[in-house]
Amino acid sequence: MTTTSRPDTRYADKATQTDSDLLRQIHAGKADAFTALYRRHQAPLYRFALLRCGSSDAAADIVQEAFMGLLNGRLNYDPLRGQLQHFLFGVARNLALKLDESRRRQPSAPVAPEPHDDEAELEYAMEAACDTSGPLTRLLDNETAEEVRRALALLPPHYRDPVILYELHELSYQEIADICQVDLGTVRSRLSRGRAALAKRLHALRPAHLA
Amino acid sequence: MDTKQDYQDSMLDAHFATLRNELAGHDAPRCVEKELMQAFTRQFASKQPWYRRWSLPHWGAAGAFGSLAAAMLLLVLAPQRLVTVGPSMVGFDDGAAFIALDSLERIAREPDARLVEADLPQTALAPLGVPVNPQNADGTVRAEMLVAADGHPLALRLSASN
């Protein structure tokens, strides 16, 4: 789903305020602060969830649930522990993992691959995912972009998360490590293997695509 | 700063750039914002204290009701207040104290007022609020009471008798 950006002069003065300022105003019941905070963070979160889940409905649900948790205080966000955007990525990732778990319990649904840290096993997992997932719903208009998205969707989740956060959101290794709750070395190795698997998949698809 | 150099692959980078560009126009559906704003309204409508939930008409109605209640209270208390205010009409004229026991208009209107005179010990005047000179405390004062034809006391005039 493609929507245009929504500039609104009513929230122009909020654009310069920090997330912490807006959160304080939200807790005081100011609706325009919540709107400003939502509009500041929804797009990156939605794009992450879209690539992570491969479904616009699931991505919208994840965005809504993440902000709902922020609104009702269930998430207990502490500004001292990091940026709100990264915190929200972490929340979205956990929600996506829950979704994977519920899909895994459904026998008819494609089974998400279990974690594999070995390169050979990763390739096997991608092949298996490719065989079992069937035709994926087209989400993007651009052929190449859709090709990359589909290749990303075949990566096991623990490889997909760092690749999306690093390549599409340009986060550092440390930020990814914090979001995914793994150490730096694990981020490095998963990124390396994830990229290699992706490159291989895209390379394999290329002749067919060009033909 | 982490470097991408170790992992750069030109083909992959070009693909990711295309994906980034394609995703740039993707926002969460508008219905998400609408749902969240409704949740926000629900949450803070119940959380706000009663005085923040009141609108201008509510405050107007409360002000009108309060004013009415205050006016009624004043009316209820008014007779008691008049009794206490009456005796305060005290004046001093050439060393003599004049105490009006009724309104000055009523005293002026009374056609057949008569004067009743008596001598009182000065110590009896202090409880009435009349200043008493301690040096003359054992003396007496001349009390002249102006009485209406129907016997209603109108005014009192006190003067030193010796």
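> Explain the nonpolar core here, please?
A general tendency of soluble globular proteins is for nonpolar side chains to be buried together. Residues and elements named next belong to chain A. Ranked by size, the top nonpolar core spans 59 residues in total, and within it Leu 45, Ala 49, Ile 62, Val 63, Ala 66 and Ala 92 carry the most contacts. When residues of this core are assigned to their parent elements, the largest contribution, 12 residues, is made by helix H2 (residues 31–53). What Ala 66 contacts, discounting residues up to four positions off in sequence, is Leu 45, Leu 88, Val 91, Ala 92 and Leu 95.

> So what exactly am I meant to see when it comes to the confidence of the model for chain B here?
Interpretation of this model should avoid reading the predicted coordinates in detail wherever pLDDT is low. Residue and element names in this part refer to chain B. Looking at chain B as a whole, the pLDDT averages 77, with 77% of positions reaching at least 70. Confidence drops under pLDDT 50 across residues 81–88; counting only partners more than four residues distant or on other chains, this segment forms 1 contact. With pTM at 0.60, the complex prediction returns an ipTM value of 0.76.

> Is there a simple way to think about H2 of chain A in this case?
Residues lying three or four places apart along an α-helix face the same way, a consequence of the helix completing one turn every 3.6 residues. All names here are of chain A. Gln 42 marks the point of greatest bend in H2, at about 40°, and the proline Pro 44 comes within the next four residues. Counting buried residues along H2, 17 of its 23 residues qualify, which places the element largely inside the surrounding structure. Once H2 finishes, Gly 54 follows within two positions and takes phi at roughly 70°, a positive value.

> It is not clear to me how helix H3 (residues 56–72) of chain A should be interpreted in this structure. Could you clarify?
For H3 of chain A, which comprises 17 residues, the first-to-last C-alpha distance of 24 Å matches the rise-based estimate of 24 Å (1.5 Å per residue) to within 8%. A positive backbone phi angle near 80° is found at Gly 73 of chain A, which sits one or two residues after H3 of chain A.

> In this structure, what is going on with the confidence of the model for chain A? I would like to understand it.
Chain-level statistics for chain A give a pLDDT mean of 82 and a share of 76% at 70 or above. Predicted confidence for residues 1–5 of chain A stays below pLDDT 50, and this span has 8 contacts to residues more than four positions away or in other chains.

> Where do I start with the environment of Ile 179 of chain A in this structure?
Residue and element names in this part refer to chain A. Among the secondary structure elements, Ile 179 is positioned in helix H8 (residues 173–180). A C-alpha to C-alpha distance of 8.9 Å links Ile 179 and Leu 88, two positions 91 residues apart in sequence. The residues contacting Ile 179, other than those within four sequence positions of it, are His 86, Phe 89, Gly 90, Arg 93 and Leu 165.

> Honestly, the interface of chain A and chain B in this entry has me stumped. Any pointers?
Often the size quoted for an interface is simply the accessible area lost on bringing the parts together. Taken residue by residue, the interface counts 37 residues in chain A and 29 residues in chain B. When contributions to the side of chain A that touches chain B are tallied by element, the ones reaching two or more residues are H2, H3, helix H6 (143–154), helix H7 (157–168) and helix H9 (184–210) of chain A. Top element by residues in the side of chain A that touches chain B is H2 of chain A. It accounts for 9 residues. Tallied by class, residues from the side of chain A that touches chain B come to 21 nonpolar, 12 polar and 4 charged.

> For this particular structure, what's the right way to read the environment of Ala 15 of chain A?
Checked against the element boundaries, Ala 15 of chain A lands in the segment before helix H1 (19–27). What makes Ala 15 of chain A exposed here is the crowd of 10 C-beta atoms within 10 Å.

> Can you walk me through the packing of H2 of chain A against helix H4 (residues 84–105) of chain A in this structure?
Helix-helix packing is described using two parameters, namely the angle between the two axes and the distance between the axes. Residues and elements named next belong to chain A. As a packed pair, H2 and H4 sit with axes 10 Å apart at the nearest point and diverge in direction by 30°. It follows that H2 is roughly parallel to H4 by the angle criterion. H2 and H4 meet at a crossing whose hand is right-handed. Counting all contacts with H2, which are made through His 41, Pro 44, Leu 45, Phe 48, Ala 49, Arg 52 and Cys 53, the residues of H4 involved are Leu 84, Gln 85, Leu 88, Phe 89, Ala 92, Ala 96 and Leu 99. For the contact of H2 with H4, a count of residues per class yields 11 nonpolar, 2 polar and 1 charged.

> Would you mind going over the environment of Asp 19 of chain A with me for this structure?
All names here are of chain A. Assignment of secondary structure puts Asp 19 in helix H1. Note on Asp 19: 17 C-beta atoms within 10 Å, which makes it partly exposed. Along the chain, Asp 19 and Gln 83 lie 64 residues apart, while their C-alpha atoms are 8.4 Å from each other. Sequence-distant contacts of Asp 19, that is, excluding residues within four places in its chain, are made with Leu 37 and Leu 84.

> Can you walk me through unusual backbone geometry in this structure?
The phi angle of most residues is negative, glycine excepted, and most peptide bonds adopt the trans form. All names here are of chain A. Even without being a glycine, Glu 170 presents a positive backbone phi close to 55°. Summarising the element assignment, Glu 170 is placed in the loop between H7 and H8. The class of Glu 170 is exposed, set by 10 C-beta atoms lying within 10 Å. Residues other than glycine seldom take positive phi values, yet Gln 181 does so here, at roughly 55°. As for its placement among the helices and strands, Gln 181 is situated in the loop between H8 and H9.

How each quantity is defined
Residues numbered from 1 in each chain as written. Chains lettered and ligands numbered in written order. Predicted model: local features only at pLDDT ≥ 70, side-chain atom pairs only at ≥ 80, totals over all residues. Core = buried A, V, L, I, M, F, W, Y, C linked by C-beta atoms within 7 Å. Buried ≥ 20, exposed ≤ 12 C-beta atoms within 10 Å, placed from the backbone. Helix = DSSP H or I, 4+ residues; strand = E, 2+ residues; numbered from the N terminus. Contact = placed C-beta atoms within 7 Å. pLDDT = per-residue confidence, 0-100. Bend = angle between axes of the 7 residues up to and from the residue. Expected span 1.5 Å × (residues − 1). Nonpolar A, V, L, I, M, F, W, Y, C, P; charged D, E, K, R; others polar. Axes fitted to C-alpha atoms, helices over the stretch in contact; angles between N-to-C directions. Parallel < 35°, antiparallel > 145°, perpendicular 65-115°, else oblique. Left-handed = near helix turned anticlockwise from the far one by under 90°.

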